[in-house]
Amino acid sequence: MRWMMVAGALALAGCQQAGEVRTAQSGPQVIPPGTAVMAAADMAPRGYPGRFGFTVSEGARVGGFTYLNSHDDYRDPRNLSVKLSRAVRLALESDHGAPLHEALKGKVIEVDGVAMRTKIVFSANGKPTDKYYYQTHVAVTDPANLHVID
C-alpha cells in the first residue's frame with residue numbers, strides 16, 4: 001500500500017502545482033512541494049529524501065531559525081518549509097543579502113535534504129494543548145545544500 005501512495009505522489013509530480021519548479025539543469029530530479037508533503041506524510045516518522053524545489057513565497061526568522069516557504073501561508077497543509085540553521089543563514093546572507101528570507105523571496109531554490117512531517121502543537125496561555133497540526137520541513141545544516149536558481 002505504501003509503495004502505491006508514493007508512486008501516486010510521484011505521478012503527480014508531472015502536474016502543475018503551486019511552487020513547482022522545472023529546471024533545465026542536469027542532475028537530480030527536483031521534487032515539487034505537493035509531492036514532498038504527500039510522500040513525507042506517507043513515510044512518517046521517517047523522512048522522504050531528495051532534491052526539493054520551489055519559488056520562495058514567504059519566509060521568516062523564528063526562534064533562531066530561518067524558514068523559506070513554498071506557500072504564502074506556512075500553515076497550509078500543501079506548504080513545504082525549508083528550515084535553515086543560524087550558521088547556514090549567516091553563510092548565505094553574505095552571498096544573497098540580509099535578511100535572507102527577504103532576499104530570497106520570489107527566487108527559485110532547490111534544496112537537498114529530507115522532507116519530514118513535523119507535529120506543531122498549539123498552546124494556550126503558554127501551555128501546550130491537545131490540539132496540533134502537521135507541517136513539512138526540510139532542515140538545512142550545510143549551506144552547500146541550498147541552491148538559488150534565479
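Above: the structure in question.
Now for a description of the structure that goes with this document. Keep in mind that this is a model prediction, so the values were computed, not measured. (Residues numbered from 1 in each chain as written. Predicted model: local features only at pLDDT ≥ 70, side-chain atom pairs only at ≥ 80, totals over all residues. Heavy atoms only, no water.)

## So, helix α2 (residues 33-43)
Along α2, nine of the eleven residues are buried, which leaves the element largely enclosed by surrounding structure. For α2, the complete set of buried residues consists of Pro 33, Gly 34, Thr 35, Ala 36, Val 37, Ala 39, Ala 40, Asp 42 and Met 43. (Buried < 20%, exposed > 50% of the residue type's maximum accessible area, 1.4 Å probe, protein only. Helix = DSSP H or I, 4+ residues; strand = E, 2+ residues; numbered from the N terminus.)

## Describing a nonpolar patch on the surface
A grouping of Val 121, Tyr 132 and Tyr 134 is seen on the molecular surface, where their side chains present a nonpolar patch of about 270 Å² in accessible area. The residue Tyr 134 is located in strand β7 (residues 127-140) in this model. Since its relative accessible area comes to 33%, Tyr 134 is described here as partly exposed. (Patch = residues over 30% accessible without salt bridge, like charges linked within 9 Å, V, L, I, M, F, W, Y side chains within 5 Å. Areas by Shrake-Rupley, 256 points an atom, 1.4 Å probe, with all protein chains shown as cover. Salt bridge = Lys/Arg side-chain N within 4 Å of Asp/Glu carboxyl O.)

## Some thoughts on the pairing of strand β6 (residues 108-124)
Pairing of strand β2 (residues 48-55) with β6 involves eight bridges; the strand directions are antiparallel. Paired with Arg 51 across the strands is Asp 112, a residue of β6. By the bridge criterion, three bridges tie β6 to strand β8 (residues 146-148) in an arrangement that is antiparallel. Note on β8: the bridge partner recorded for Glu 110 is His 147. The sheet contact formed by β6 and β7 spans nine bridges and is antiparallel. By the bridge assignment for β7, Ala 124 is matched with Lys 127. Hairpin connection of β6 to β7: two residues between the antiparallel strands, including Asn 125 at a positive phi of 55°. (Pairing = 2+ DSSP bridges.)

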